[in-house]
Each structure stands twice: as structure tokens, then as C-alpha cells.
Amino acid sequence: MTNSAKAENALELTDLSVAYRVAGRNRAVLRNLSLTIGQGEAYGLVGESGCGKSTVALTVVRYLPRNGSITGGAISLDGQNVMKLDAEALRRARAESVSMVYQDPGKALNPSIRVGRQLTEIFELGGVSGRAATDRAIAMLNRVRISDPVSVMQRYPHQLSGGMQQRVAIAMALANDPSMLILDEPTTGLDATVEAEVLDLIAQLSQELSASILFISHNLAVVSNMCDRVGVLYAGMLVEEGPTEVVFNDPRHPYTVALLRCLPRGGQRKDQGRLDTIPGFLPGIEADIKGCAFADRCALADDRCRSELPPLYDLGGRLSRCFHHDKAQALPRATPSDVAPAPKPAAAPVLRVAGLNKTYASHGHALRAVKDVSLDLRPGETLGLVGESGSGKTTFARLLLGLVPPDDGGTIELEGKALAPRLENRSDDQIKAMQIVFQNPDSALNRSHSIRHLIGRALKRLAGLSGKALEARLNDLVRSVRLTDRHLAVKPRQLSGGLKQRVAIARAFAGDPRIVVCDEPTSALDVSVQAAILNLLADLQSKEDVSYIFISHDLAVVRYLSDNIAVLYLGRIMELGPSEDVFSGPHHPYTEALLSAVPKLDQTETARIRLDGEIPSATNPPSGCVFHTRCPRKIGPICEQQEPPLSEAQPGHSIRCHIPYAELARLQKAVVAEPA
Amino acid sequence: MVFLGGQALPGNVGRAILGPFADQRAVDTLNHTLGVDRPLLAQYWSWISNFVQGDMGTSYIFRAPVAPFVIDALGNSMKLAAVAFVLVVPIGILGGVVAALNLNRPLDRIISLGGLSVTVLPEFVTGIILILIFGVWLRWLPISAAWPRDAGFFTQLYYLILPSLPLFLVLFGYIARMARSGMIEALDSDYTRTAVLKGLPWRTVIWRHVLRNALLPTITVIATQTGYLIGGLVVIETLFRYQGIGSLIFTAARGKDFPMLESGILTIGIVYAVATLVADFLYSVLNPRIRLGSDQ
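All values derive from a computational prediction rather than experimental measurement.

Peer 1: What am I meant to see in the overall build of chain B here?
Peer 2: Per the secondary structure count, chain B includes 14 helices and zero strands. Starting at the N terminus and ending at the C terminus, chain B contains elements arranged as α-α-α-α-α-α-α-α-α-α-α-α-α-α. Each of the 296 residues in chain B was classed as buried or not, and the buried ones make up 39%. Put simply, 68% of the contacts in chain B that link residues at least 6 apart link residues at least 24 apart.

Peer 1: How should I be thinking about the overall build of chain A in this particular structure?
Peer 2: A tally of helices and strands in chain A yields 25 helices and 24 strands. Its C-alpha radius of gyration of 26 Å places chain A within 12% of the 26 Å reference for a compact globule of 676 residues. For chain A, the C-alpha atoms occupy an extent of roughly 75 × 65 × 45 Å along the three principal directions. The proportion of buried residues among the 676 residues of chain A is 49%. If you take every contact in chain A between residues at least 6 apart in sequence, the share linking residues at least 24 apart comes to 68%.

Peer 1: Quick question: what am I supposed to make of the nonpolar core here?
Peer 2: Counting 264 residues, the largest nonpolar core has Ile455(A), Ile549(A) and Ile175(B) as its most contacted members. Examining the composition of this core, we find that 18 residues originate from one element, helix H8 (residues 153–187) of chain B, more than from any other. Ignoring sequence-local partners within four residues, the contact set of Ile455(A) consists of Leu474(A), Leu477(A), Val478(A), Val503(A), Ala506(A), Arg507(A) and Ala510(A). Counting five residues, the second-largest nonpolar core is a separate cluster that includes Ala649(A), Ile655(A), Cys657(A) and Ile659(A).

Peer 1: How should I be thinking about the domain arrangement of chain A in this particular structure?
Peer 2: Interface extent is often summarised as the accessible area lost during association of the parts. Domain boundaries assigned for chain A yield domain 1 (108–177), domain 2 (252–330), domain 3 (351–562) and domain 4 (566–669). One C-alpha centre belongs to domain 1 of chain A, the other to domain 4 of chain A, and the line joining them spans 34 Å.

Peer 1: Where do I start with the packing of helix H8 (residues 192–209) of chain A against helix H23 (residues 589–597) of chain A in this structure?
Peer 2: Helix packing for two helices is described by the angle between their axes and how far apart those axes are. Residues and elements named next belong to chain A. At a minimum axis distance of 8 Å, the contact between H8 and H23 shows a crossing angle of 50°. By the angle between their directions, the pair H8 and H23 is classed as oblique. Regarding H8 and H23, the two cross each other, and that crossing is left-handed. When H8 is examined against H23, the residues Ala192, Thr193 and Ala196 are found in contact with a partner set consisting of Ala593, Leu594 and Ala597. Split by residue class, the contact of H8 with H23 holds five nonpolar, one polar and no charged.

Peer 1: In this structure, what is going on with the sheet that holds strand S20 (residues 547–551) of chain A? I would like to understand it.
Peer 2: Residue and element names in this part refer to chain A. A sheet is described by the order of its strands in space; here eight strands give the open sequence S18-S19-S20-S15-S21-S22-S24-S23, paired in mixed fashion. Edge positions in the sheet fall to strand S18 (434–437) and strand S23 (646–650), since each has one partner strand and no second. For this sheet, the mean angle separating the axes of adjacent strands, direction not counted, is 20°. Two strands pair when backbone bridges link them, and strand S15 (residues 382–386) and strand S21 (residues 564–569) are joined in this way by four bridges, in the parallel orientation. Following the sheet pairing, glycine 384 is matched in S21 by isoleucine 565.

Peer 1: It is not clear to me how helix H13 (residues 258–286) of chain B should be interpreted in this structure. Could you clarify?
Peer 2: For an α-helix the count is 3.6 residues per turn, leaving residues at separations of three or four pointing the same way. Between the first and last C-alpha of H13(B) there are 42 Å, a value that for 29 residues agrees with the 42 Å anticipated at 1.5 Å per step. Among all positions of H13(B), only Phe258(B), Pro259(B), Met260(B), Leu261(B), Glu262(B), Ser263(B), Gly264(B), Ile265(B), Thr267(B), Ile268(B), Val271(B) and Ala275(B) are buried.

Peer 1: What am I meant to see in unusual backbone geometry here?
Peer 2: As a rule of thumb, non-glycine residues mostly have phi less than zero, and peptide bonds are mostly trans rather than cis. Residue and element names in this part refer to chain A. Unusually for a residue other than glycine, glutamate 185 sits at a positive phi of about 50°. Relative to the elements of secondary structure, glutamate 185 occurs in the loop between strand S7 (180–184) and H8. In this model, aspartate 512 sits at a positive phi of 45°, which is unusual for a non-glycine residue. Its location among the elements puts aspartate 512 in the loop between helix H19 (497–508) and strand S19 (515–519). The class for aspartate 512 is partly exposed, based on 13 C-beta atoms found within 10 Å.

Peer 1: How should I be thinking about the interface of chain A and chain B in this particular structure?
Peer 2: Of the residues lining the interface, 24 residues belong to chain A; the matching set on chain B comes to 20 residues. Elements with a minimum of two residues in the side of chain A that touches chain B: helix H2 (87–96), strand S6 (98–102), helix H3 (105–108) and helix H4 (115–125) of chain A. If you tally residues by element for the side of chain A that touches chain B, the top one is H2(A), at five residues. Split by residue class, the side of chain A that touches chain B holds twelve nonpolar, five polar and seven charged.

Peer 1: Got a minute to help me understand the environment of Arg92(A) in this structure?
Peer 2: Positionally, Arg92(A) belongs in helix H2. Judged by the 15 C-beta atoms lying within 10 Å of it, Arg92(A) is partly exposed.

Peer 1: So what exactly am I meant to see when it comes to the sheet that holds strand S12 (residues 319–320) of chain A here?
Peer 2: Backbone hydrogen bonds hold the strands of a sheet together, and the pairing may be parallel or antiparallel. Taken together, eight strands build an open sheet; the order of strands is S6-S7-S8-S3-S9-S10-S12-S11 (chain A) and the sheet is mixed. Edge strands, defined here as strands with exactly one partner in the open sheet, are S6 and strand S11 (313–314) of chain A.

Peer 1: Explain the pairing of strand S8 (residues 212–216) of chain A to me, please; I cannot follow it from the model alone.
Peer 2: If a strand is regular, its side chains alternate between the two faces of the sheet. All names here are of chain A. When you tally the buried positions in S8, you get five out of five residues, the bulk of the element. Residue alternation in S8 divides its side chains into two sets, Ser212, Leu214 and Ile216 and Ile213 and Phe215, and both sets are buried. With four bridges joining them, strand S3 (residues 42–46) and S8 adopt parallel strand pairing. Residue pairing for S8: tyrosine 43 is matched across the bridge by leucine 214. Relative to S8, S7 runs parallel, the two sharing five bridges. Opposite aspartate 184, over in S8, you have isoleucine 216 as the bridge partner. Each parallel crossover has a hand, and the one from S7 via H8 to S8 is right-handed.

Peer 1: Would you mind showing me how to read the confidence of the model for chain B here?
Peer 2: For residues with low pLDDT, the predicted coordinates do not support detailed interpretation. Summary statistics for chain B give a mean pLDDT of 79 and a share of 82% for residues scoring 70 or more. Put simply, helix H1 (residues 2–8) of chain B is where chain B has its lowest mean pLDDT, 57, and helix H9 (residues 190–197) of chain B is where it has its highest, 92.

Peer 1: Help me out: how do you make sense of the confidence of the model for chain A in this one?
Peer 2: This prediction gives chain A a mean pLDDT of 86; 95% of its residues lie at or above 70. Throughout residues 672–676 of chain A the model reports pLDDT below 50, and contacts reaching past four residues in sequence, or to other chains, amount to nine contacts.

Peer 1: Explanation requested: the packing of helix H5 (residues 66–101) of chain B against helix H12 (residues 245–254) of chain B in the structure shown.
Peer 2: All names here are of chain B. At a closest axis distance of 7 Å, the pairing of H5 and H12 adopts a crossing angle of 140°. What the angle tells us is that H5 and H12 run oblique. Residues Phe69, Val70, Ala73, Leu74 and Ser77 of H5 form the contact with H12, whose own contacting residues are Ile245, Gly246 and Leu248. Its residues assigned to classes, the contact of H5 with H12 shows six nonpolar, two polar and no charged.

Peer 1: Explain the environment of Arg378(A) to me, please; I cannot follow it from the model alone.
Peer 2: Examined against the element boundaries, Arg378(A) turns out to sit in the loop between strand S14 (365–377) and S15. For Arg378(A), a count of 20 C-beta atoms within 10 Å gives the class buried.

Peer 1: Honestly, helix H7 (residues 162–174) of chain A in this entry has me stumped. Any pointers?
Peer 2: Residue and element names in this part refer to chain A. Helix length check: H7, at 13 residues, gives a terminal C-alpha distance of 18 Å against a target of 18 Å (1.5 Å per residue), a fit within 8%. Most of H7 sits out of view: twelve of its 13 residues are buried. Turning to H7, its buried residues are Gly163, Met164, Gln165, Gln166, Arg167, Val168, Ala169, Ile170, Ala171, Met172, Ala173 and Leu174.

Peer 1: Is there a simple way to think about the environment of Val98(A) in this case?
Peer 2: Residue and element names in this part refer to chain A. Inspection of the secondary structure puts valine 98 in strand S6. In this structure, the C-alpha to C-alpha distance between valine 98 and leucine 536, residues 438 residues apart in sequence, is 44 Å. In this view, valine 98 contacts Val60, Val61, Leu77, Ala93, Pro178, Met180 and Ile182; residues no more than four positions away in its chain are not counted.

Conventions used here
- Residues numbered from 1 in each chain as written.
- Chains lettered and ligands numbered in written order.
- Predicted model: local features only at pLDDT ≥ 70, side-chain atom pairs only at ≥ 80, totals over all residues.
- Helix = DSSP H or I, 4+ residues; strand = E, 2+ residues; numbered from the N terminus.
- Buried ≥ 20, exposed ≤ 12 C-beta atoms within 10 Å, placed from the backbone.
- Contact = placed C-beta atoms within 7 Å.
- Rg over C-alpha atoms; globule rule 2.2 N^0.38 Å.
- Core = buried A, V, L, I, M, F, W, Y, C linked by C-beta atoms within 7 Å.
- Domains from an automatic or database assignment.
- Axes fitted to C-alpha atoms, helices over the stretch in contact; angles between N-to-C directions.
- Parallel < 35°, antiparallel > 145°, perpendicular 65-115°, else oblique.
- Left-handed = near helix turned anticlockwise from the far one by under 90°.
- Nonpolar A, V, L, I, M, F, W, Y, C, P; charged D, E, K, R; others polar.
- Pairing = 2+ DSSP bridges.
- Expected span 1.5 Å × (residues − 1).
- Right-handed = clockwise from strand over helix to strand, strands pointing away.
- pLDDT = per-residue confidence, 0-100.

Set out below in C-alpha cells:
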């Protein structure tokens, strides 16, 4: 360290403006951004994609893309003006005082260099080499709770799981004992249980190391658990800032208010009303913003908001950039909350699955991706599938759709008639009846066709329509997914992620399906867009009486939309029952662990159950109960020897566990603090 | 394929060898001794089974076994290819890397544009221009690649420089472009960002983190070009009167010397296959994701 006396603030941004040069013109990405992070403080930066969060991070470490430039302001890192540093001083600053961890650890690690080498080179920079560097690297891996560091050192990044890769990336970031740690969406894309572990790790390490943290995330709940203070970024401007708890419980900017309303919270369900949404879009990078950047989407906005930039009002320890900060929470809803009609009386199941198995051959071993799954789905209902990655959710969906054939023996019945195992042996009507919406609408839509062509083709193929009838149905369909005629002429790349997902949904609904499989349909979307898509799915369901199989890692989203939940682990159903029963408990220990891994916005930190290690390989599942290796409530040898049956604990609610239902209820009563 | 193509060509083998004024009976007898009057399938079978045993048949024109001709010619072609290869690979890669490191600056423009423009010129054009400049005007280099008998290594090398230059020009732009785009991708990658933000010196970042990942795709391209370097040189070898496999095939095709033609082309096919195999092998050695894919 060159500066012996620590500066008062770890990071100070003063009036920072950054622009990207697009088509020969500078476009502002950050506008006069000022913020400070004190020594040892954890500061969260939230906002939707495109609002400039990552640009802040990249600016601090001076790693802007080629077309980016700092157009004004100052950055002071530990009292050092980062913008005045020459190349060598900048390199030293990066080596000694600031580190960064970002999304997608698989890409952040060099694929052709062993993990150990990638770590030791950091110590070599500090003049430690050879054996000593190796020892330091092993110690560092130990520190990020990697249990077998010596063997991990010898591996290449692709041989590690996502959670392990992110641990290695964190170890690399902390190896130089930085005074400033920048975390840019560090857990996005990881499983909820892994995310919880990584967040725990970061929280513990930040205390041990006393590093200041800039935590960037679109996930408000994660930020609320990790950070002391939070800043809300909108269109490159700070619109609200303050202590995390205060901002999230008592927001004073309409954007923050709206953002929080988009989230299904406190166990909210589709029959309790729609989620609120934020109308319109983030102003594009080319927009010339005169007044408040949020005015176009804000129901409180008046003429002054549109013509005059509101200052950052100091509201006593917190800031809000809104003329109407005193009545921000009176923001009218953008989407009426009118409750969807009550569930219809139970009809005969539209889908009945019995004894479904799928075994893959993997290097001579049998990999049981789905084992003995039986369940029913009634018309107009949603079945939520939850479980970590590798639990068999997607394989199950593919079996239903006939994309892969199941093992012999199991049956899939659609409206009472057996379905052929393979898609090509199913009738057109059966194919029409079951459709899918994928996670990534980008890759699901053919980019060279117009939206009209994409939906029209689905109508032709699935509904057998042509001519006038097709036109009429096309217009209906487009209106029901809330697209306008304007969108029909364009190509997919001209639409935002949310609009593209609407197109994908319209296509799935073209043939009046009975069942739509939704595989993580909102995972790639911002919360405001997610809310709109969830509302749309709920509306379509009550209108068309369609059933959903809804796969998501976001439990609050699953809970919002689902009537029934199936919890999968290593291809087996561990718990199956009505959504409310599964969530409110008593539940299977695995479900319990999944639920406790979810970061909650209201910071009611329940005693968290941590799942150690990783989901075991399906080629070699543990004996007895497959969950016993990680189960926090394991009762004894019986768990290792006998696989418990999936037995009905309550009418309609089945649990696969040796522990009796009443006992589970007693054990979990202390922990369950779920708001109803 | 080659076999069928050769058979489908118009003209009668015996007639081609004996000339237009020969007696029809003599032509028939010759056709019979050569076996070309047998059914196609039978001819193919005896040809391919002999080939795999190392017997390439007998040349119609030289009335001698084909194998020594092909092996000689292949050896010569490989020498020429080796010289071109040694010249173009390091310089091409260097050019690409330098261009990528100076992205969108004048140096990059010069390398990219220059490489591209010489690549699109066919080798007979550049070949003639080079002969005119270095052979006729400056008189630095011999205009023919046929070196005197008993020439030593360096003399041979001296004679091979001029013919290898057009090949260099054809391949340089290609290799440089691949290396450049590989570099750009690697420089923009997250792992390079990680390396830079670790505070590693720029030199270490490039040598340790960028180059290896950047050049993987280039290696495959280079190896497939080896096939071209050895087998595709008809024009160059003819232009420089060089006894390589390209000119051998060319001569054989003109004389309807099918055993020679077919053996030559099959040999080139084998060279291509081996080159591709070596490339894949090299790629898997350098890429841990493939190398260790099986023990996951």
C-alpha cells in the first residue's frame, strides 16, 4: 500500500459522467453521478438493466469498453484520483487496492489455465512465488470454504460447478486484500441454494477483511440483505439513496415505489390480484432528457417534472430526486389489481402422469434424470416445478412434450387419452394441445422473420387457419398478449426482451393449447417486465382455462402463479401438494432448505438452513433417501438405507420423508416465520 | 470419386497413348493389357486394393511403376510447402496479433487491408509479378524452382524462396485475419478483464491469458491450409517448372495417365486427411476443455 493513512472514504464519485460513442455521437450513460462509500461499508446499487449499474463498476476500475469515455467528474479511490493515474499506477491500484467479481464466473476464469496458476499469479505480483505462492493460494481457497483446495488447484475452471467457480473468482478478488471490492451481479445465474451460500460467504469475508463493498444487483432482496446503504439508479442518475432498510420500507421516489410493487411479496398469489407494473420503457441511450428521467412512466408527473430536472432533496440522511418525494408512495397503480375470478370447481385432470422414468446412458453409467414421477394437472391450474439445477425439472418438461422418449412403463395421458412417447407419433391435436415458452426468447424466435410472420406461421401450422380467419385470429392473439399492430411489422431484434417474450407466448397460444410449459419464462427479464409477463400469464389462464407447468428458480414467482407445487431432487418428487401447503409447511426438509435460501426483502432473517456441498451426481445417487447426504434433519441410519415412499401426509399433500408429518410440523414450527 | 471422374472423361486410353494413327487392333490389345476394357467395378476393386498395399499401379505413359514418381513429387511439394509454411505461419500470426492490438488504428488497417488484397489476387498473378520483380528485374532470385542436381540444402532453399512467396501472399491475409479475429474476441473476453483487473502487467496478460485462447481457432485453419500447400499447387509448380505433385497430376491428366492421376489425387486426399487429423489433435492438446472432457 502506498497510502499509509487511509482516506476517509473508500470510494468517492463526484459528478461523474460517462458516455458511450454510438454512431459517431456521444450518448450519456451516467449523468452527474455522485456517491460515496465509507471504509468498511457495503453499498448496494440497484436498478433495471440498462440504467448504468455495470458502467459505474467499470468506470471505477477504468475498464470501460472502447467506445466509452469519462466526460466529467472525478473518481477517488482511497483518496487517490483514479482518473489521473498513468498506466503503471493504474495497474498497481488494480493489483493492490481494488478487486472485482462479476456475473458468469465460467467466463471470468481463463478456460485454458489451471485454477491454481490463476491464483498464484496474483501472489507473484506481490513478490511471493513458488512454494509460498502455492501455499497462499491454498489458504485462500480454504478461506472461501473450498473443501479440497489441493485438488481444485489442479483443475481447469470448466471442471468446477458454477458455485465453485464463483468461489474461486472471489478468492482471486480477495487474494490481494483489497480495500474496495466491487461485486457486479455476483450471484445472478446461480441456483438459489448456491446463491445463498455465496452471499453468506461474501458477508462473512467482508467482515473478516474489512473491505468496502460496492454491490451491484437487480435483485432488491439480495441487496437488502447484504448492504448498509443503497442507491437506486435510473437512466444513469441516482434517483434515491439511503440506508437500505429505510429505502425499501419507506421509498421516497416513485421509481423505487414502483419497482418494489412489481415483486410478488409475502406469499402473494395470482388470485389475490395482479402485480403492479411500470408502464413504458427506460429512456433509450439516445434520449435527450430534460426534466425528470422517470416522468414519462410516472403517474405523479406534472409539467414541472417534464421540464425541470429535480434536484436531489436531502430528506435527513437520505436523498430523493423527486419534486413529489413526500407523496411518492401515493403513486397510483399502473395495473389495476382486480382479482382474477375464483378457481373453478375441480374437473377431470387434463394431464395425468404415472410412473414416468427417464434414464440416460452416460459413459457406461445409468443416469436417472427422472425417477418414478406421477402427478395430475387439472384444467386452469398451474403446477410449479422447483428444485436446484440438475434436479430433473427440464427433463420432465421435455418428456411431457415428447422431445425425448421416457423409459418403458410410464404413461402420460392427455384428457384421458394416452400420449405416444415420441412427438412424431402424436396427433396434430395432441401436439397443438401442449406448447412451450422458453427462458430466452432471443434464441427461440427466428430473427430473420417479422413478428407477423412468426405468429402467422404458428397459426397456420397449429390452428390450420388461413386467409381472413387467420388475420382475425392473429389480431385477437396479438391484442391478448398486449402487443400492438406496430410491433407486427418488425423483426425480433427490434423488440425488448419483454416484448419478445410476449411474442413467444402468443406463438404458444396460437393453437389453443390445453397445457403450456413455461421454462423459466421470466428469468432473463427485469422485475417490471417480469410482473407484466406474470400478469399476462395469469390473465390468459383465467380467460382460456389453460393449464401451466411452470418451471422457475424464483420461488416467489412460482408461488405467485402456482396452484400446486412439485419439489424435485435428483429426478424424484420429494414433495407434492397445494402451493400454500407446500410453502407454509410443514414441508420436506429439502423444501425447507430451498425456502430458507431465498433472500427476503423485509430482512426478517430467519435461521437459515444451509445446504452443504453440491447436488450429488445422478449417475451415482446416494443410497436410501437421496437427500440424506445434505439433509439438515437426518434422523439416523434409516435415511441411508431405505428410500422413503412419497406418502400422503394431508389430503393432496405428499412428502417423501421418514420423519412423520406431525414431527416435521413440530421441528419446523420454530423456524417458520413466513408471512401469510 | 476421382476414379469415376477419370473413367468418365471422354477418350480412349489406348488411342491416347498410341496416337491417332495407330492400328485399331493395337489399341485394343493395349487396352486389354492395361485392363481398361474390364468392367468398371472390377477395375476399381483391383486399383483400390493394390493402392492400400502400396502398389499404385503402372503409369500408362512412362510404362513404369507410379509409386516412385508420386513419392518423389510429394517430397518436392513438401519441401516447397515447408518453406512457405515456415514463412507464413509466424508472420501471419504476428500480423494478426499486431493488428488486433492496434485495433482500428492505421497499422491494423494496413495489415488487414493489405492482407486481404494480396489474398484475393490469384497466385499466378502474384507469381508472375514476383518473377518479373525479383527474377527478371532485380535478378536476386532464380526464376525457376528446378535446382541443379546435387544441390545442397541452402541452394535448394534459395531456389524455393521465389515460388513460396505467392503462396505466402495467398495465405498471409487468411491467417492474419483469423488470428486477428481470435485476438479481438479473446481481448474482449471476461477472463482478459479478470487478468487486467488482477493488476497483471499488460505483457503477461497478452502472453499468458490472451494468446493461447486466441490462437486456437487459427491453428485449425492453418492445418487445413497445409493440405492446400501440398496438394493445390498446380499453378505455382507449373509456373516455376517445379516437379511437385501438382504438376505431376497436371501432366497425368493431360496424358490420360489414369493410374498416375488417381494415385496422385488420392495421395493428396490422404495428406489433407492427415493434416486435419493433426490439427484436431493439436487443438485438443491445447484446449483443456476437450482434452479432459472424458474424465468428467
